[in-house]
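# A look at the structure
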Amino acid sequence: MSLPEWAHASAERRAHIERVVGLLSTWADAMRVTAKERDRWLRAGWLHDALRDAPFADPVAHGPAAADRAAATGERDHGVLDAVRYHTLGSADWDDVGRMLYLADFLEPGRAADPPDRAELARRVPTERDAVLREVARRRLEWVLRSGWSLPAETVAFWNQLVAKP
């Protein structure tokens, strides 16, 4: 798979998407996931920012719009669609594809706000995914709070699920 024909993505955005897909591929190999699961991760990676450079007033509208467009053009996997739809917010309803996309989108090596320990967190994902996921979600929550924005209900539910005691 590659970026869909309907994508609105600059060269810089395309490079980000390629790095996300590369990271997902590396993790899929390291975690020895099935070919079917690997394909799901990579499809979500290609789709997640396909409409990021389209003219939306809402900065998180690109995920839902890309999920809707992907569904309209044949994507039927609800896990892939939900991963794309909520990749900026998080979702308590995600399966592994959503969680892995959330991690890869934050940890890909070309981010302008590259945390100093990004490479170390990315290295730990195959063996400590849940711990790294909580750390990434915490950092994203802190950023939203520092920005003075309200927390979306999906984000709060995702966080609460991550930290709930079994």
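The text that follows walks through the structure, step by step, so that each part is easy to find. Model, not experiment: these values are computed from the prediction.

### Overview of the pattern of salt bridges
Per the counting criterion, the structure on display carries 20 salt bridges. Between E37 and R40 there is a salt bridge; the shortest N-O distance is 2.8 Å. Here R40 and E37 lie together in helix α2 (residues 35–47), a separation of three residues that amounts to about one turn. Exposure class is identical for E37 and R40. Each is buried. When the shortest N-O distance is used, the salt bridge between R129 and D96 registers 2.8 Å. Linking R129 in helix α6 (residues 118–147) with D96 in helix α5 (residues 96–107), this pair joins segments that are 33 residues apart in sequence. Look at R129 and you get buried, because its relative accessible area is 16%. Where salt bridges share partners, they join E37, D39, R40, R43, E75, D77 and D95 into one cluster.

### What to know about unusual backbone geometry
In the Ramachandran plot, R32 falls in the positive-phi region, its phi being about 55 degrees despite a non-glycine side chain. Along the chain, R32 turns up in the loop between α1 (11–31) and α2. Its relative accessible area of 75% is what places R32 among the exposed residues.

### Topic: the nonpolar core
Across soluble globular proteins, you tend to see nonpolar side chains buried next to one another. One finds L24, W27, L103 and L107 to be the most contacted residues of the largest nonpolar core, which totals 45 residues. At the level of secondary structure, the elements contributing two or more residues to this core comprise α1, α2, α3 (62–72), α4 (78–85), α5, α6 and α7 (153–163). Examining the composition of this core, we find that eight residues originate from one element, α5, more than from any other. If we skip the residues at most four places from it in the chain, L103 touches W27, V125, R129, V132, L133 and V136.

### Observations concerning α2
Over its 13 residues, α2 runs 18 Å from end to end, which matches the ideal 18 Å to within 8%, given 1.5 Å per residue. Of the residues making up α2, those classed as buried are E37, R40, W41, L42, R43, A44, G45, W46 and L47. The secondary structure elements touched by the buried residues of α2 are α1, α3, α4 and α5.

Definitions and cut-offs
Residues numbered from 1 in each chain as written. Predicted model: local features only at pLDDT ≥ 70, side-chain atom pairs only at ≥ 80, totals over all residues. Heavy atoms only, no water. Salt bridge = Lys/Arg side-chain N within 4 Å of Asp/Glu carboxyl O. Helix = DSSP H or I, 4+ residues; strand = E, 2+ residues; numbered from the N terminus. Buried < 20%, exposed > 50% of the residue type's maximum accessible area, 1.4 Å probe, protein only. Core = buried A, V, L, I, M, F, W, Y, C linked by side-chain atoms within 4.5 Å. Contact = heavy atoms within 4.5 Å. Expected span 1.5 Å × (residues − 1).

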